Amino acid sequence: MTDPLTIPDSDHRYVWVFSVDLPEDELAAFGHEEHTNEGDVQWPLGDALGLSSYPDQDFVELFDLSTLQEYGFSRYLSEANGMDIGEDAAKLDALHGGVALVFSQALSGQERFAPKAPLSFVGRYALPVDLPTHEKLTSTSAEGLLPQGKPVKSDARIGGMVATFVLIFLAVFVTLFVWISG
């Protein structure tokens, strides 16, 4: 199994979950990005993730789990975000305090997380891979066709061919009499 802190180089959607060991009143400051007069950016959460550069903040969530108490954190990841949490529902619902979610869309060009305090890695979750299932083909038309000989002529077909020949013969015969008499 691959290291869950390694960021795969694929288009598949993942989320990394980190618990944040800070009081609720310090979470906002921890997640706030500050620009200095020199043009530098200071972002405590971005630093604590241990990435080579800051992730895109549009795809990073930081909140206190008490806000999801009634809905449930495992349900938030699985239903609201579509992630496959496997057998981790009880583990995720047992978490309390702050949590940071970093989605793979935020990590362009990144290779690996190296989280530092106050972050603790909880787990990496992915969208489920839905492989299409194929039902067995039951139609006889799906079996294909093998080259066949000419079909046997039915009695009705033979009778139709004889009648057509007789009508053509009579038309030629009548036309010949009309031309000779004329």
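Residues numbered from 1 in each chain as written. Predicted model: local features only at pLDDT ≥ 70, side-chain atom pairs only at ≥ 80, totals over all residues. Heavy atoms only, no water.

Undergrad: So, the nonpolar core: which residues are in play, and what are the values?
TA: Judged by nonpolar contacts, the single largest core of 21 residues is most densely connected at F18, L45, L49, V102, L107, F113 and L119. Mapped by element, the contributors of at least two residues to this core are strand 1 (14-20), helix 1 (24-31), helix 2 (44-48), strand 5 (98-103) and strand 6 (119-126). Considering each element in turn, this core owes the most residues, 4 residues, to strand 1. Residues within four places of V102 in sequence aside, it is in contact with Y14, V15, W16, F18, L49, F59, V60, L107 and F113. One finds L65, F73, V99 and F103 within the second-largest nonpolar core, a separate group that totals 16 residues. (Core = buried A, V, L, I, M, F, W, Y, C linked by side-chain atoms within 4.5 Å. Buried < 20%, exposed > 50% of the residue type's maximum accessible area, 1.4 Å probe, protein only. Helix = DSSP H or I, 4+ residues; strand = E, 2+ residues; numbered from the N terminus. Contact = heavy atoms within 4.5 Å.)

Undergrad: Account for the pairing of strand 1, with residues named and values stated.
TA: Across the 7 residues that make up strand 1, a large majority, 7, are buried. With burial as the criterion, each face of strand 1 is covered, one bearing Y14, W16, F18 and V20 and the other bearing V15, V17 and S19. Looking at chain direction, strand 1 and strand 6 are connected through 7 bridges and run antiparallel. When the sheet's bridge partners are listed, Y14 is paired in strand 6 with A126. Pairing analysis gives 6 bridges linking strand 1 to strand 5, with the strands arranged antiparallel. By the bridge assignment for strand 5, V17 is matched with L101. (Pairing = 2+ DSSP bridges.)

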